[in-house]
Amino acid sequence: MVKDPKFKLYFLHPKFWLTWLGTAILYVISWLPFKFQIAMGKGLGRLLHKYFKKRKHIAQRNIELCFPEMPKTQQSALVLQSLENTGIAVFESGMAWWWPEWRVKRHHGDIKGFEHIKKAQESGKGVLLLVPHMLHLEMSGRMMGVSQNGVGFYRPHNNPLIEYFMTKGRLRSNEYLIGKKDVKGLLKALSKQKLCYYLPDQDYGRKRCEFVPFFAMTETATTTGTTLFASSKNCETIGFSSKRTTDGKYDIEITPIFENFPTDDSKTDLTKINQHIEYAINNAPEQYMWLHRRFKTRPDKNAPSVYK
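Residues numbered from 1 in each chain as written. Predicted model: local features only at pLDDT ≥ 70, side-chain atom pairs only at ≥ 80, totals over all residues. Heavy atoms only, no water.

A. Quick peek at the overall build of the protein. Along the backbone of the protein there are 11 helices and 9 strands. A compact globule built from 308 residues should have a C-alpha radius of gyration of about 19 Å, and the protein, at 19 Å, falls within 12% of that. If one aligns the C-alpha atoms of the protein with their principal axes, the spans along those axes are about 50 × 50 × 40 Å. Taken over 308 residues, the protein has a buried fraction of 54%. Only carbon and sulfur atoms are counted for the fraction: they give 56% of the accessible area of the protein, which is about 15,200 Å². For the protein, the centre of its 47 positive side-chain charges and the centre of its 28 negative side-chain charges are spaced 9 Å apart. (Helix = DSSP H or I, 4+ residues; strand = E, 2+ residues; numbered from the N terminus. Rg over C-alpha atoms; globule rule 2.2 N^0.38 Å. Buried < 20%, exposed > 50% of the residue type's maximum accessible area, 1.4 Å probe, protein only. Areas by Shrake-Rupley, 256 points an atom, 1.4 Å probe, with all protein chains shown as cover. Lys, Arg positive; Asp, Glu negative; His and termini not counted. Charge placed at Lys NZ, Arg CZ, Asp CG, Glu CD.)

The structure is reproduced here in structure tokens:
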């Protein structure tokens, strides 16, 4: 559990100087006008689109596989928009980590369905909030913190200095953070009626997964970890959807409690989870993180990679 990360003299080592420089630049930029940062992010994204061929290819393949009926010109446009939003996400991280609350509230959009969280907690349950990897997630998480602090279930960063700044920033809108290997920690948080963020939409490998539909891909490796937590007697499972609007607001939608969930049929349960993720993505497909190799694990171990 991470509640109050401590600064270490080790962070002053020369090997972290570039990290310090990058962080200082991001901090200064975070105080610039919002629209200017969005424009800078789009510019950075266009550079990624031009020079980061490997990641561009991954995004292109994911979009082709998920939306095969979409015209090629529209697919290409979506790839560019996704890379632009990837660039914007860099600056949104700075906003989320360092903005004062008054500035956060200025960009707080609609939040629909928060009563579903209250209903679960008032019944004595914790909330497993299913959150997709939207590129603006740092900001939407900060927006949620205005209504209620939560508990983040996350993967620690490999760079300890970035990890320090990231956790300090995220703790502005979270009560504490739990590392992804701390299963007992998340179950304990649910038993204490906490609001827990869980991201179930990446390919975590063949271990503890089922192959179920995701958009047009009929067999997509989907983690069974979600149903492990959802099966806790102290838990209600609820969906989360968010998007950044054209007027610079961050809208959030909380969907109703998953009824009779989970069941004895894991494939049915995981299909329902993926359907929620699809719903959230369709609200703003250009703001989803298409850069992840979502289909790297295939049902047939010997099948060639879909990314070649």
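B. Looking closely at a positive patch on the surface. Taken together, the side chains of Lys 54, Arg 55, Arg 293 and Lys 296 make up a positively charged region of the molecular surface. In this fold, Lys 296 is placed in the segment after helix H11 (266-283). For Lys 296, a relative accessible area of 38% puts it in the partly exposed group. (Patch = residues over 30% accessible without salt bridge, like charges linked within 9 Å, V, L, I, M, F, W, Y side chains within 5 Å. Salt bridge = Lys/Arg side-chain N within 4 Å of Asp/Glu carboxyl O.)

C. Representation of the packing of aromatic side chains within the structure. Under the criterion given, the structure shown has 23 aromatic pairs. For the ring pair Phe 34 and Tyr 250, a centre distance of 6.4 Å and an interplane angle of 80 degrees mean the geometry is edge-to-face. Of the two residues, Phe 34 sits in helix H2 (residues 34-51) while Tyr 250 sits in strand S9 (residues 250-257), which places them 216 residues apart along the sequence. Since its relative accessible area comes to 10%, Phe 34 is described here as buried. The buried category is assigned to Tyr 250, whose relative accessible area is 1%. Ring geometry for Phe 153 and Phe 229: centres 5.7 Å apart, planes at 75 degrees, overall edge-to-face. Residue Phe 153 is located in strand S3 (residues 150-154), and its partner Phe 229 is located in helix H10 (residues 225-230); the two are separated by 76 residues in the primary sequence. The pair Phe 153 / Phe 229 is uniform in exposure class, with both members buried. Among the aromatic residues, those joined into a cluster by ring pairs are Phe 7, Tyr 10, Phe 11, Phe 16, Trp 20, Tyr 164 and Phe 165. (Phe/Tyr/Trp six-rings, centres within 6.5 Å; stacked < 30°, edge-to-face > 60°.)

D. Focus on the packing of helix H1 (residues 17-29) against helix H8 (residues 160-170). Where H1 meets H8, the axes come as close as 9 Å, and the angle between the chain directions of the two elements is 30 degrees. In this view, H1 runs roughly parallel relative to H8, as classed from their interaxial angle. Here Thr 19, Trp 20 and Thr 23 of H1 come into contact with H8, specifically with Leu 161, Ile 162 and Phe 165. Broken down by class, the residue content of the contact of H1 with H8 amounts to 4 nonpolar, 2 polar and no charged. (Axes fitted to C-alpha atoms, helices over the stretch in contact; angles between N-to-C directions. Parallel < 35°, antiparallel > 145°, perpendicular 65-115°, else oblique. Contact = heavy atoms within 4.5 Å. Nonpolar A, V, L, I, M, F, W, Y, C, P; charged D, E, K, R; others polar.)

E. Expanded view of the pattern of salt bridges. Taken as a whole and judged by the stated rule, the model has 9 salt bridges. A salt bridge links Asp 4 to Lys 6; its shortest N-O distance comes to 2.7 Å. The partly exposed category is assigned to Asp 4, whose relative accessible area is 44%. We note a salt bridge from Lys 267 to Glu 210, for which the minimum N-O separation is 3.5 Å. One end of the pair, Lys 267, is in helix H11; the other, Glu 210, is in strand S6 (residues 209-214), and 57 residues separate them in sequence. Among the residues examined, Lys 267 registers a relative accessible area of 40% and is labelled partly exposed.

F. Examining the pairing of S6 more closely. In terms of strand pairing, S6 meets strand S7 (residues 217-223) through 5 bridges, oriented antiparallel. Note that in S7 the partner of Cys 209 across the bridge is Thr 223. Between S6 and S7, which follow one another and run antiparallel, lie 2 residues, and Phe 215 among them has a positive phi close to 50 degrees. (Pairing = 2+ DSSP bridges.)

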